[in-house]
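These are the residues of each chain, in order.
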Amino acid sequence: MTVNHRKMVMGVIVGNRGFFPDHLAKTGREEILRALAAANMEVVALTPEESKYGAVETREESRRCADLFKRNRERIDGVIVTLPNFGEERAIADALRLADLRVPVLIQATPDDPKKMTIASRRDSFCGKMSACNNLRQYGIAYSITTLHTESPDSPEFTRDLEWFGAICRVVKGFRNLRVGAIGARPAAFNTVRYSEKILESHGISIETLDLSEVLGRIERMKDNDDQAQAKLAAIKRYVDASSVPAPALLKMAKLGAVVDQWMAETEVTISAVQCWTSIEENLGVVPCTVMSMMSNELLSSACEVDICGVLGMHALQLASGTPSALLDWNNNYGSDPNKAVCFHCSNLPKHFFRSVKMDFQQIIAGTVGKENTFGTCVGLIKPEKMSFARFSTDDTSGKMRGYVGEGRFTDDPLNTFGGAGVVEIPNLQKLLRFICECGFEHHVAANLSTVASAVYEASTRYLGWDMHDHSCENGAC
């Protein structure tokens, strides 16, 4: 699947300090612009006609830069501060304060060449970076730093850091004024997916509710030959092998999908969580899994069992990677290997996750509501890939958002089971499981076939202000 990233826009501040070699500001600006162009990023920055070398050094240049950024407020995803020499830390901090963009900021400093340490060429950006960071902290401006203290804009290290920073910016922007659909009430037996709407609202995340009775009523009034229902029916047949599923069940799924699509468009809802059992099965006669799988596969993440915080984890991973996310149960041990487990759902996993996939019936609840009422699951084994995982939760006791992230891999270990499932291998898994249980986290976890846990952690802690645990740090990776 092609990674789906829109072209990003970065504000750039070129630092300069007059009694250091200012020709480095000129070449430094050129270098950072080339690096951003190579990363397919647009740039908003002062030109050499607007300030000396297009850099920021004086109060007037800070204001000019801030005005430029404010005119492009809706376009700018993040700001990169480049230090080709020591830089004027006050001017940098003032520009960011005056612009008040409230977007992620990356601080990059260009290394000195040991062969060019005379007064004509010495940068001192190694030291200037500390001063810039010190001032930003004084000003209360959040910022990120590169992997190495100094990195050339044309280095492989900076290329990777730029990709990481882009992911951070997408997560932060994607959670700004986010609207989430809660379709139906949570299953009565699932206290585990309780959450606080008020805590989410305090973080700029709004919940739009839709009662299942409204969904069922709209479906009942929809004619079989309705254009949107027929279009959705055709899309379902293209999406997954449904040759063993009765035609009436497919039409019910199509109507369900059409109704949900209409409602999400009307209410400007981006992602959703659905009451997937057992009212829909008892009153409509299908499961919503395929409809949800299709949404997730189109990067409109949809979680089962009205797990609102679960779909937030899916959304964060999807924003960072540009690929679909799934919601899974930490479900079973895998033999005696302490670092392996079975992740499973019934399933609504996006097609992107599977080695091969077909539509079937939901075996777990078929015994309760009848097989004929449970068609619509997407079943198959998860393909072996690297994976990132995330879990967010509202902590009502402390009034905070909290969660954890980490990375591992789905393996090709044999697994003979139903639903959508795969064997996952995670270093120090037992320590993670103990952490989940001791902290009282849910049994659901969002997963994505990528390595973006670090970006999600940085975005959620530094810029969203959430209490997070990075399991990767337990493995000596931090």
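For the structure, check the block above.
Source: prediction; values computed, not measured.

Student: Talk me through the overall build of the chain; I want residue IDs and the actual numbers.
Tutor: Counting secondary structure elements, the chain contains 15 helices and 18 strands. Relative to the globule expectation of 23 Å for 478 residues, the C-alpha radius of gyration of the chain, 25 Å, shows essentially globular dimensions. Its C-alpha atoms give the chain principal-axis dimensions of about 80 × 50 × 40 Å. Residues classed as buried in the chain amount to 58% of the 478 residues present. Of the contacts formed within the chain by residues at least 6 apart in sequence, a portion of 77% connects residues at least 24 apart. Roughly 20300 Å² of accessible area belongs to the chain as shown, and the carbon and sulfur atoms make up 48% of that amount. Distance between charge centroids for the chain: 3 Å, based on 53 positive and 59 negative side chains.

Student: Now, about empty space enclosed by the protein: what can you tell me, with residues and values included?
Tutor: Within the structure shown, the criterion is met by 2 cavities of 30 Å³ or more. Here the largest cavity defines a volume of roughly 110 Å³. What lines the largest cavity is a set of 15 residues, among which Cys276, Cys289, Cys304, Cys346 and Gln362 lie closest to the centre. Split by residue class, the lining of the largest cavity holds 9 nonpolar, 4 polar and 2 charged. In this structure, the second largest cavity encloses a volume near 50 Å³. Elements supplying a minimum of two residues to the lining of the second largest cavity: helix 9 (247-267) and helix 11 (289-297). At 3 residues, helix 11 tops the list of elements feeding residues into the lining of the second largest cavity. Residues that form the lining of the second largest cavity fall into these classes: 9 nonpolar, no polar and no charged.

Student: Give a description of the pairing of strand 7 (residues 205-210) that names residues and reports values.
Tutor: With 6 bridges connecting them, strand 6 (residues 178-183) and strand 7 associate as parallel partners. The partner of valine 180 across the bridge, within strand 7, is isoleucine 207. For the crossover from strand 6 across helix 6 (residues 197-202) to strand 7, the handedness is right-handed.

Student: Give me the lowdown on the sheet that holds strand 9 (residues 302-304), citing residues and values where you can.
Tutor: Strand order across the open sheet formed by 4 strands is 7-6-8-9, with parallel pairing between neighbours. Only two strands of the sheet have a single neighbouring strand rather than two, namely strand 7 and strand 9. Within the sheet, the average angular offset between the axes of one strand and its neighbour, ignoring direction, is 20°. Together, strand 6, strand 7 and strand 8 (271-274) form the strand contacts of helix 9, whose direction differs from that of strand 6 by roughly 145°. Across the sheet, helix 12 (residues 308-321) lies against strand 6, strand 7, strand 8 and strand 9, angled at about 135° from strand 6, the strand it touches most.

Student: How would you explain the nonpolar core if you had to name every residue and give the values?
Tutor: Of all hydrophobic cores here, the largest spans 121 residues; its most connected members are Phe175, Met253, Leu312 and Trp330. Top element by residues in this core is helix 9. It accounts for 11 residues. Val81, Ile92, Ile141 and Tyr143 belong to the second-largest nonpolar core, a separate cluster that totals 29 residues.

Student: Lay out the layout of surface pockets with the relevant residues and their values.
Tutor: The calculated volume of the largest pocket comes to roughly 780 Å³. What lines the largest pocket is a set of 32 residues, among which Arg160, Leu162, Glu163, Trp164 and Arg170 lie closest to the centre. Of all the secondary structure elements, the ones that give two or more residues to the lining of the largest pocket are helix 1 (23-38), helix 5 (156-174), helix 12 and helix 15 (453-463). Among the elements that take part in the lining of the largest pocket, helix 5 stands out by supplying 10 residues, more than any other. Taken together, the residues of the lining of the largest pocket break down into 14 nonpolar, 10 polar and 8 charged. Estimated volume of the second largest pocket: approximately 510 Å³.

What counts and what doesn't
Residues numbered from 1 in each chain as written. Predicted model: local features only at pLDDT ≥ 70, side-chain atom pairs only at ≥ 80, totals over all residues. Heavy atoms only, no water. Helix = DSSP H or I, 4+ residues; strand = E, 2+ residues; numbered from the N terminus. Rg over C-alpha atoms; globule rule 2.2 N^0.38 Å. Buried < 20%, exposed > 50% of the residue type's maximum accessible area, 1.4 Å probe, protein only. Contact = heavy atoms within 4.5 Å. Areas by Shrake-Rupley, 256 points an atom, 1.4 Å probe, with all protein chains shown as cover. Lys, Arg positive; Asp, Glu negative; His and termini not counted. Charge placed at Lys NZ, Arg CZ, Asp CG, Glu CD. 1 Å grid on protein atoms, 1.4 Å probe; cavity = no way out; pocket = protein on both sides within 12 Å on 5 of 7 lines; lining within 4 Å. Points joined across faces, edges and corners; volume = space filled by probe spheres on them. Nonpolar A, V, L, I, M, F, W, Y, C, P; charged D, E, K, R; others polar. Pairing = 2+ DSSP bridges. Right-handed = clockwise from strand over helix to strand, strands pointing away. Axes fitted to C-alpha atoms, helices over the stretch in contact; angles between N-to-C directions. Core = buried A, V, L, I, M, F, W, Y, C linked by side-chain atoms within 4.5 Å.

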